[in-house]
There are 2 protein chains.
Amino acid sequence: MTIAAPTGSSRDLPHPQRAEIRLEAVLHALSDPLRLQVVRELAADGDELSCSHFDLPVTKSTTTHHFRVLREAGVIRQIYRGTAKMNGLRRDDLDGLFPGLLDSVLAAAARQAVRLGSR
Amino acid sequence: MTIAAPTGSSRDLPHPQRAEIRLEAVLHALSDPLRLQVVRELAADGDELSCSHFDLPVTKSTTTHHFRVLREAGVIRQIYRGTAKMNGLRRDDLDGLFPGLLDSVLAAAARQAVRLGSR
DNA sequence: CGACTCGTACGATAGGCATCGTATTACGGT
DNA sequence: ACCGTAATACGATGCCTATCGTACGAGTCG
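Quantities reported herein were computed from a predicted structural model and do not represent experimental measurements.

With that settled, the discussion passes to the relation of the copies chain A and chain B. Rotating chain A by 180° and moving it 0.0 Å along the rotation axis overlays it on chain B with an RMSD of 0.0 Å. With respect to symmetry, the two chain copies, as superposed, fit the operation of a two-fold axis. Here 100% of the contact residues of chain A are again contact residues in chain B; the copies associate through an equivalent surface.

Listed as interface residues are 26 residues of chain A and, on the opposing side, 26 residues of chain B. Note on chain A versus chain B: buried area summed over both sides is about 2100 Å², and carbon and sulfur give 63% of it. Linking chain A with chain B are zero salt bridges, by the criterion used here. Viewed at the interface, chain B and chain A are joined by eleven residue pairs in polar contact (both at pLDDT 80 or more). When residues of the side of chain A that touches chain B are traced back to their parent elements, those giving at least two are α1 (23-30), α2 (33-45), α4 (91-97) and α5 (101-115) of chain A. Looking at which element gives the most residues to the side of chain A that touches chain B, the answer is α5(A), with eight residues.

Residues and elements named next belong to chain A. Strands sit in the order β1-β3-β2 across an open sheet of three strands; the sheet is antiparallel. Strands with a single pairing partner mark the edges of an open sheet, and in this sheet they are β1 (49-50) and β2 (76-81). Two elements, β2 and strand β3 (residues 84-89), share six bridges in a ladder whose sense is antiparallel. When the bridges of β3 are listed, I76 appears paired with L89. In the packing of α2 onto the sheet, the strands contacted are β1, β2 and β3, and the crossing angle to β3 comes to about 80°.

Pairing between sheet strands relies on hydrogen bonds along the backbone, with the strands arranged either parallel or antiparallel. All names here are of chain B. Reading across from one edge, β1-β3-β2 is the order of the three strands in this open sheet, with antiparallel pairing throughout. Of all strands in the sheet, those bounded by a partner on one side alone are β1 (49-50) and β2 (76-81). Its contacts with the sheet put helix α2 (residues 33-45) on β1, β2 and β3 (84-89), and the angle it makes with β3 is roughly 80°. Relative to the sheet, helix α3 (residues 60-73) contacts β2 and β3, its axis offset from that of β2 by approximately 120°.

Turning next to the nonpolar core. One finds V75(A) and V75(B) to be the most contacted residues of the largest nonpolar core, which totals 60 residues. In this view, V75(B) contacts V26(B), A29(B), L30(B), V39(B), L70(B), G88(B), L89(B), R90(B) and L94(B); residues no more than four positions away in its chain are not counted.

Around DNA strand D sit 23 residues, and of these S61(A), H65(A), H66(A), T64(B) and K85(B) come closest. The sugar-phosphate share of atoms of DNA strand D within 4 Å of the protein amounts to 71%. T62(A) is positioned with one of its side-chain polar atoms (N or O) 3.0 Å from a phosphate oxygen of DNA strand D. In this structure, R68(B) approaches DNA strand D through a side-chain N or O atom, which is 3.5 Å from a phosphate oxygen. Broken down by class, the residue content of the surface near DNA strand D amounts to four nonpolar, 13 polar and six charged.

By nearness alone, 23 residues border DNA strand C, and T64(A), K85(A), T59(B), H65(B) and H66(B) come closest of all. Restricting attention to atoms of DNA strand C within 4 Å of the protein, one finds that 72% of them are sugar or phosphate atoms. The side chain of T62(B) places a nitrogen or oxygen atom 3.0 Å from a phosphate oxygen of DNA strand C. Counted by class, the surface near DNA strand C contains three nonpolar, 14 polar and six charged residues.

Residue and element names in this part refer to chain A. At their nearest, the axes of α2 and helix α3 (residues 60-73) sit 10 Å apart, and the two run at 70° to each other. One finds that α2 runs roughly perpendicular with respect to α3. Here α2 and α3 pass one another in a crossing that is right-handed. Only H65, H66, F67, V69 and L70 of α3 make contact with α2, whose side of the interface consists of L34, R35, V38 and V39.

Another point: the side chain of Q112(B). Topologically, Q112(B) is positioned in helix α5 (residues 101-115). Judged by its relative accessible area of 5%, Q112(B) is buried. Polar side-chain contacts of Q112(B) include one of 3.0 Å to the side chain of E24(A). Those residues in contact with Q112(B) that sit more than four places away from it in its chain are I21(A), R22(A), L23(A), E24(A) and F98(A).

Analysis parameters
Residues numbered from 1 in each chain as written. Chains lettered and ligands numbered in written order. Predicted model: local features only at pLDDT ≥ 70, side-chain atom pairs only at ≥ 80, totals over all residues. Heavy atoms only, no water. Least-squares fit on C-alpha atoms with pLDDT ≥ 70 in both. Contact = heavy atoms within 4.5 Å. Buried area = accessible area lost by both parts, 1.4 Å probe. Salt bridge = Lys/Arg side-chain N within 4 Å of Asp/Glu carboxyl O. Polar contact = N/O pair within 3.5 Å; in protein donor to acceptor, adjacent residues only side chain to side chain. Helix = DSSP H or I, 4+ residues; strand = E, 2+ residues; numbered from the N terminus. Pairing = 2+ DSSP bridges. Axes fitted to C-alpha atoms, helices over the stretch in contact; angles between N-to-C directions. Core = buried A, V, L, I, M, F, W, Y, C linked by side-chain atoms within 4.5 Å. Buried < 20%, exposed > 50% of the residue type's maximum accessible area, 1.4 Å probe, protein only. Near = heavy atom within 4 Å. Nonpolar A, V, L, I, M, F, W, Y, C, P; charged D, E, K, R; others polar. Parallel < 35°, antiparallel > 145°, perpendicular 65-115°, else oblique. Left-handed = near helix turned anticlockwise from the far one by under 90°.

Written out as structure tokens, the structure reads:
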């Protein structure tokens, strides 16, 4: 065990395995407007985005908290890339576990955004 | 306006109109295991069910609370029918607002039920 | 090295919520 | 008219959570 850091970074974050992801936790994670917005942007971009890319109307502490909720629910995957932390949707795992769910939620969110003030 | 009670009952419950239903509220309502279970049974039955039909591991007070959350989120419709209160899924409204969402969630719940101890 | 940036950790706080128990109201039947 | 049943209302309680502020740790670049 002399080797501590497998991939080069000394920091690594706990992610639930695919089989550990619970539907209720996913729904709960998505039921917050801030977090749903983050997920929508991640899905729209399709790639990894840094935490600082998002311009959320809360402090950095709160932002960290929301990202952790999403990660612990299994919705996103976070990895450190130098000084930034990159966030990516776990689309493969979610689609594998709950086919169509993520797309339905994203479509619903998009529809509602149009229905309300859009923006 | 001499007629007060349209359908015969003096009690009526506040329901959000279709346009008032918010995705976040729906997701939050479905993120509770008890409530998700109720919605699954309602969807399986396809018809209206009385509150007392459900055998939830909580007291009646708590049951009332959960049904109210579902109703106020716009997930179910409740009407008094004599001494019982019948509950029905607002499938038409939900499908109209968020096509495919409800079915995805139900399918996801069914899959997870099989994946875990089923029952 | 030193300074700056990104994000975490920890504490504190206030509000929400799931839960209960008990008292109360509304209907239906005897 | 009376009782039983279905469900609500209300108050209490303890937990969860969204939010903040400040202090700290890890990397990057001058």
